[in-house]
Amino acid sequence: MKKQGCEIEAIGINYTIYTQKREIPFNIFSRNQHKKCLSGVQELHEVKELEKGNNPNDVRHVLKGVNCRAKSGEILSIVGPSGAGKSSFLEVLAGKIEPQSGSIYVNKKPVDKARFKKISGYVTQKDTLFPLLTVEETLSFSAKLRLKLPAKELSSRVKCLIQELGLQHVAGSRIGDDRIRGISGGERRRVSIGVELIHDPGVLILDEPTSGLDSTSALQIIDMLKTMAVTRDRTIILSIHQPGFRIMKLFNSILLLANGTILHHGTIEQLSLRLILMGLQLPLHVNILEFSIESIDTIQKHSHTLLPQSTLMIKNSGKFTLQQLFQESKLIDEEPISMSIHNDFPSGFANSRLQEIVILTIRFWKIIYRTKELFGCKTLQMLVSGLVLGSVFYNLEDDLVGAQARVGLFAFILTYLLSSTTEALPIFLQERDILMKETSCGSYRVSSYAIANSLVYLPFLLILALLFSTPLYWMVGLNKQFMAFMHFLLLIWLILYTANSVVVCCSALVPNFIIGNSLVCAMMGSCALFSGYFVSSNEIPNYWIVMHYMSLFKYPFEGFLINEFSGSGKCLQYMFGMCLASGEQVLKEEGYGGEESRRKNLLIMVCFILLYRFISYVILRIRCSQGGFKKILISR
């Protein structure tokens, strides 16, 4: 049975942004970094008042009464110069931003945003993909997260989609990016489209799908979309900058925008007729759309005198469209689609929380394993650094000098391990972009991502802790009890996991790597300063003492000292055969507890990990609910 299509209709879309500078310069939970969106009747009134005042430039009308209709089985192309409002209009249609006024209908019914995201796909101009996954793995993980189907059906759907996209020859190749060699730009764009097609949506919205591609690749992309529109009865809406002749002929309808207003909505032939009626001479062998964009000023002048904007179709008004003013187009003569929206999409999430965690954990592990900088280099780094430190502090004596050397070693270990973790920051930032994209269309829960992200690093960090601790511990000659070694290994593992949690938290908060790196370094520097090693806790000023107890260095540092000197039976100084200073006496004099503090320090370290993980989850949840730190790209 043929799947029913969707007719999309937008009526009176108005979108205005307030460009005045924010009062709070670093308000991270605003929807836009440099723009404040206005919504509601009261804010529209404020806009009008501002326009009458002294600062009219503070208000920008991105979209002004935009109306359009896109029919199933057809391609609606949105064209116009930079700053016309093309991307903003697509984001309104996709439900990414909220207009101040206007309505969107699907099959003559008001759109339900949550439901519409299930039956639609939105492809951004930027390819947001994991570069280390193969084409087949990318589509397979997307299918597992978005579809509730048996394994055989999922595999069959992925293979059919790969064939439909023409990607059979690169199915086993990695996606790649600027640093990693992978598939071509056109193939990468097809994968981005495939990710949004895996759940067989009735509506596909694409923001400049041919941007950055050569003419051949661009034609292949549009030809593929045309075939999908016809064979799958899909409604395809896309924006495009300057299409070629062959691409232009594949469009069923054109929406010409300039400064947020419609100048034409109809076929290419009707646009040509419109320009002729305006007295414009069409040069031979010239792209009509390119000529229209070059003649925007002339078209705008005639639009107010010859064919006013009010002639555009308004819902239930009985007025005619621009197409009907020129000719009785077959597109308009056809009866409106009166079908219901697809009913085979799940209303909630396709998988349970446990299934989501398993799928995401497997995907994370593949990425970590294939990231040479994080897996291979980090593994080698930890092994070599453990050997080097073991050789530097080789076979320390059990006396006061050896004790001082041990304390210095522990301080260096903490500083080294907690400060050398920023190499994972770019990976977390890349994951965040993909997380926001996938959760926006209901692929999985943010909490599932947070749990999977927490679990996947546990075995990896345990391997690193083992490679670092084993040569270091026995070469230095630390506490020779096996349980003491296991406790030392546990401390190293928790230190690495704490650092990982801090980086995850910072990556959720900051906009880019430079700020994230600065924030992580500042946090680690302050933690080292107030750890109690460089400045004794008794000498820290009272107004800074809270930093001592919040230091990530304090508790593992105490844990190292307790593990080394408490219960070891070591005597650090002898006189006449008598022990004058034992390790436990030194700990008490310095204010450190004994065995009772061992579990307390471990518990506090675990609490720090949980705290930073929870904060990162809250930040990501807020980001995803707001659509992220997304700038309104009104210059396109």
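Under an unreviewed UniProt entry, the name given to the protein chain is ABC transporter domain-containing protein, and the organism recorded is Anisodus acutangulus. In its Subcellular location (unreviewed entry) section, UniProt records this for the protein chain: "Membrane".

Observations regarding the UniProt feature "transmembrane region" (unreviewed entry) in the protein chain
Sites flagged by UniProt as "transmembrane region" (unreviewed entry) map to residues 375-396, 408-429, 450-476, 482-506, 513-535 and 602-620. The straight-line gap between the two end C-alpha atoms of residues 375-396 is 32 Å; of that span, 77% is helix and 0% is strand. From the first C-alpha to the last, residues 408-429 spans 34 Å; its make-up is 77% helix and 0% strand.

Remarks on the pattern of salt bridges
Enumeration over the complete set of coordinates arrives at twelve salt bridges. Between Arg232 and Glu164 there is a salt bridge, with its nearest N and O atoms 3.4 Å apart. Residue Arg232 is located in helix α7 (residues 215-232), and its partner Glu164 is located in helix α5 (residues 151-165); the two are separated by 68 residues in the primary sequence. Using a relative accessible area of 40% as the deciding quantity, one classes Arg232 as partly exposed. With a closest N to O distance of 2.6 Å, Arg234 and Asp200 form a salt bridge. One end of the pair, Arg234, is in the loop between α7 and β9 (235-239); the other, Asp200, is in the loop between α6 (185-197) and β8 (203-207), and 34 residues separate them in sequence. Overall, the relative accessible area of 16% leaves Asp200 in the buried class. Taken together, the shared-partner salt bridges connect Glu7, Glu9 and Lys108 into one network.

Regarding the packing of helix α4 (residues 135-146) against helix α14 (residues 353-370)
Remark: α4 packs on α14, axes separated minimally by 10 Å, with the N-to-C direction vectors making an angle of 160°. By the angle between their directions, the pair α4 and α14 is classed as roughly antiparallel. Of the two possible hands of crossing, α4 and α14 adopt the one that is left-handed. For the pair α4 and α14, contact is made by Glu137, Phe141, Lys144 and Leu145 and by Ile359, Leu360, Ile362, Arg363, Lys366 and Arg370, respectively.

What to know about the confidence of the model for the protein chain
With 80% of its residues at a pLDDT of 70 or more, the protein chain has an overall mean of 79. The model gives residues 21-54 a pLDDT under 50, and that stretch makes 50 contacts with residues more than four places away or in other chains.

Notes on the pairing of strand β7 (residues 120-123)
Burial along β7 is two-sided: the face carrying Ser120 and Tyr122 and the face carrying Gly121 and Val123 are both buried. In this structure, β7 lies alongside β8, joined through four bridges in parallel fashion. By the bridge assignment for β8, Val123 is matched with Leu206.

Looking at the sheet that holds β8
Here we have six strands laid out as an open sheet, ordered β7-β8-β9-β4-β10-β11, and mixed in their pairing. For this open sheet the edge positions go to β7 and β11 (261-266), each flanked by a neighbour on one side alone. Between one strand and the next, the sheet's axes are offset by a mean angle of 15°, whatever the strand orientation. By the bridge criterion, four bridges tie strand β4 (residues 75-79) to β9 in an arrangement that is parallel. Note on β9: the bridge partner recorded for Ile78 is Ser239. Helix α2 (residues 86-93) contacts β4, β7, β8, β9 and β10 (253-258) of the sheet and is inclined by roughly 155° relative to β8.

Details of the environment of Glu294
Locating Glu294 in the fold gives a position in helix α10 (residues 288-294). Along the sequence, Glu294 and Pro81 sit 213 residues apart, while their C-alpha atoms lie 8.5 Å from each other.

Section: helix α22 (residues 554-565)
The end-to-end C-alpha distance of α22, which contains twelve residues, comes to 17 Å, matching closely the 16 Å that a straight helix rising 1.5 Å per residue would cover. Within α22, twelve of the twelve residues are buried, which leaves the element mostly enclosed by the surrounding structure. Turning to α22, its buried residues number three or more, namely Lys554, Tyr555, Pro556, Phe557, Glu558, Gly559, Phe560, Leu561, Ile562, Asn563, Glu564 and Phe565.

Notes on the nonpolar core
Residues Ile413, Leu417, Tyr457, Phe468, Phe488, Ile492 and Phe560 are the most contacted members of the largest nonpolar core, which totals 88 residues. Examining the composition of this core, we find that 17 residues originate from one element, helix α19 (residues 482-509), more than from any other. Dropping the residues within four chain positions of it, Phe488 is found in contact with Phe410, Ile413, Ser469, Leu472, Tyr473, Leu478, Phe560 and Asn563.

Observations regarding a nonpolar patch on the surface
Taken together, Leu380, Val384, Val388 and Val392 make up a surface patch of nonpolar side chains, about 350 Å² in accessible area. By the secondary structure assignment, Val384 is in helix α15 (residues 376-392).

Some remarks on the packing of aromatic side chains
Scanning all chains against the criterion turns up 15 aromatic pairs. Centroid distance Tyr555 to Phe608: 6.0 Å. Interplanar angle 45°. Geometry classified as tilted. Here the residue Tyr555 occupies a position in helix α22, and Phe608 occupies one in helix α24 (residues 595-626), the gap between them amounting to 53 residues. Exposure remark for Phe608: the relative accessible area of 14% places this residue in the buried category. Pairwise contacts between aromatic rings join Phe410, Tyr473, Trp474, Phe482, Phe485, Phe488 and Phe560 into one cluster. The ring of Phe141 has Lys144 sitting right over it, with the charged end atom 5.5 Å from the ring centre.

Conventions used here
- Residues numbered from 1 in each chain as written.
- Predicted model: local features only at pLDDT ≥ 70, side-chain atom pairs only at ≥ 80, totals over all residues.
- Heavy atoms only, no water.
- UniProt positions renumbered as here; feature names shortened; annotations may be inferred.
- Helix = DSSP H or I, 4+ residues; strand = E, 2+ residues; numbered from the N terminus.
- Salt bridge = Lys/Arg side-chain N within 4 Å of Asp/Glu carboxyl O.
- Buried < 20%, exposed > 50% of the residue type's maximum accessible area, 1.4 Å probe, protein only.
- Axes fitted to C-alpha atoms, helices over the stretch in contact; angles between N-to-C directions.
- Parallel < 35°, antiparallel > 145°, perpendicular 65-115°, else oblique.
- Left-handed = near helix turned anticlockwise from the far one by under 90°.
- Contact = heavy atoms within 4.5 Å.
- pLDDT = per-residue confidence, 0-100.
- Pairing = 2+ DSSP bridges.
- Expected span 1.5 Å × (residues − 1).
- Core = buried A, V, L, I, M, F, W, Y, C linked by side-chain atoms within 4.5 Å.
- Patch = residues over 30% accessible without salt bridge, like charges linked within 9 Å, V, L, I, M, F, W, Y side chains within 5 Å.
- Areas by Shrake-Rupley, 256 points an atom, 1.4 Å probe, with all protein chains shown as cover.
- Phe/Tyr/Trp six-rings, centres within 6.5 Å; stacked < 30°, edge-to-face > 60°.
- Lys NZ or Arg CZ within 6 Å of the ring centre and 35° of its normal.

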